[in-house]
Amino acid sequence: MEILDPALQAYLEQHCPPEPKMLITINRETHLKVLKANMLSGHYQGRLLSMLSKMLQPKCILEIGTYTGYATICLAEGLVEGGEIHTIEVNLEMEEMIRKNFKNSGFEDRIFPHFGDAAQIILELSDKNYDIVFIDADKKSNYAYFQLIIDQLKPGGVIIVDNVLWKGKVYNQANDTDTRTIREFNKLISTDDRVEQLILPVRDGIMLIRKKQL
Ligand SMILES: C[S@@+](CC[C@H](N)C(=O)[O-])C[C@H]1O[C@@H](n2cnc3c(N)ncnc32)[C@H](O)[C@@H]1O
């Protein structure tokens, strides 16, 4: 899932804050016990999520796609006093590990895990107003999630979307369904007047989407 030169990636990791101990444990355990461990955000991207969260000082965050909870904890690091993060995971087999990781994270009282299909659970959380939304689940639903949550995103709030460069395929000749879907998503966002957006060439491509102030 890397588009960057591995030597550059290693250099970036050497020059960012160290990975907290708890996250090293989750990272290692995910690689040992869970399939598709490359889905986990990892050290550098995790520190980016943490830094963005600390800069935005969110009161309420939504994450779509919990996996083993690594990014949830990174995002929780920036919550203001009394803030909360809701995170949604469809794979019920992950529940035990997710709950254990949150219990050990030091943020247990602020993290609210939800288990089920994101499209349904987003509707159940319709009373929330978000400062940050991290979209990192089934990529084909990215635009549906964007449409579902945009009205609940506060003006100035930020949506972070993972994997928007799709291993570099979006800007190459690739024409498979997944690549076309992500290309279309990137295009739709770049022509939406409600937001301004920027793609960062981090890991597999991170899009920052900021909702304009009214
Ligand atoms: C890329 S992983 C998330 C990684 C995590 N955000 C991190 O950075 O460590 C994607 C997760 O989304 C979950 N997922 C896929 N489709 C979903 C859906 N419709 N609703 C909720 N979760 C979904 C998958 O089961 C998987 O655990």
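Each chain carries its own residue numbering, running from 1 in the written order of its sequence. Given that the model is predicted, a residue must reach a pLDDT of at least 70 before its local features are reported, and side-chain atom pairs must reach 80 or more before they are shown or counted; all residues, however, enter totals for whole chains, interfaces and linings.

1. Focus: the overall build of the protein chain
The cut-off we apply is this: Helix and strand assignments come from DSSP, with helices taken as H or I runs of at least 4 residues and strands as E runs of at least 2, each series counted from the N terminus. We compute the radius of gyration over the C-alpha atoms and compare it with the globule rule, which gives 2.2 Å times the number of residues raised to the power 0.38. By the convention adopted here, residues are in contact when the distance between their C-beta atoms, placed from the backbone, does not exceed 7 Å.
A tally of regular secondary structure across the protein chain gives eight helices and seven strands. Relative to the compact-globule value of 17 Å for 214 residues, the protein chain shows a C-alpha radius of gyration of 16 Å, a close match. In terms of overall dimensions, the protein chain has a C-alpha envelope of 45 × 40 × 30 Å along the principal axes. Relative to all contacts within the protein chain whose residues are 6 or more apart in sequence, the contacts with residues 24 or more apart total 68%.

2. Regarding the site of the ligand
Stated formally: Here is the check we use: build the C-beta atom from the backbone, and if it is within 6 Å of the molecule or strand, call the residue near. We call Asp, Glu, Lys and Arg charged. Ala, Val, Leu, Ile, Met, Phe, Trp, Tyr, Cys and Pro are nonpolar, and the rest, Gly among them, are polar.
Around the ligand sit 16 residues in total, of which Ser41, Gly65, Tyr67, Ala71 and Ala118 are the nearest. When contributions to the shell around the ligand are tallied by element, the ones reaching two or more residues are α4 (70–76) and β2 (84–89). When the residues that make up the shell around the ligand are grouped by side-chain class, the tally is nine nonpolar, three polar and four charged.

3. Overview of the pairing of strand β3 (residues 111–115)
Note the threshold: Strand pairing is defined by DSSP finding a minimum of two bridges between the two strands. For a crossover, the right-handed case is the one in which the path from the first strand over the helix to the second runs clockwise, viewed with the strands pointing away from the viewer.
Two elements, β2 and β3, share five bridges in a ladder whose sense is parallel. Each residue of the ladder has a partner; that of isoleucine 88, found in β3, is histidine 114. A crossover links β2 with its parallel partner β3, the connecting element being helix α5 (residues 95–103), and its sense is right-handed.

4. A closer look at the environment of asparagine 172
Checked against the element boundaries, asparagine 172 lands in the loop between β5 (153–162) and α8 (177–190). Separated by 163 residues in the primary sequence, asparagine 172 and glutamine 9 place their C-alpha atoms 21 Å from one another.

5. Focus: the confidence of the model for the protein chain
Rules: What pLDDT conveys is the predictor's confidence in a given residue, as a value from 0 to 100.
The predicted model of the protein chain averages 96 in pLDDT, with 99% of residues at 70 or higher. For this predicted complex, the interface confidence comes out at an ipTM of 0.99, alongside a pTM of 0.97.

6. Observations concerning α5
The line we're drawing: Residue burial here comes from a neighbour count, namely the number of other C-beta atoms, placed from the backbone, that lie within 10 Å of the residue's own C-beta, with 20 or more meaning buried, 12 or fewer meaning exposed, and in between meaning partly exposed. Read the arc as the range of directions from the helix axis to the C-beta atoms.
Inspection of α5 places Ile98, Asn101 and Phe102 among the buried residues, and these make up the whole buried set. All buried residues of α5 fall inside an arc of 95° around its axis, so they share one side. Residues of α5 that are exposed and point more than 90 degrees away from the buried face comprise Glu96 and Lys103.

7. Focus: the sheet that holds strand β6 (residues 195–200)
Pairing between the strands of a sheet is mediated by backbone hydrogen bonds and can be parallel or antiparallel. So the rule is basically this: Comment: axis = line fitted to C-alpha atoms, over the contacting stretch for helices; angle = value between 0 and 180 degrees taken between N-to-C directions.
Reading across the sheet, the seven strands line up as β3-β2-β1-β4-β5-β7-β6 and stay open at both edges, with mixed pairing between neighbours. Strands at the two margins of the open sheet, each flanked by one partner only, are β3 and β6. The average undirected angle you get between the axes of adjacent strands in this sheet is 15°. The pairing of β6 with strand β7 (residues 206–211) spans six bridges and is classified as antiparallel. Bridge pairing in β7 places valine 195 opposite lysine 211. Contacting β1 (60–64), β4 (130–135) and β5, helix α7 (residues 142–149) crosses the sheet at an angle of about 170° to β4.

8. So, the environment of threonine 191
Tracing the backbone through its elements, the reader meets threonine 191 in the loop between α8 and β6. Residues threonine 191 and valine 202 lie eleven residues apart in sequence; the distance between their C-alpha atoms is 22 Å.

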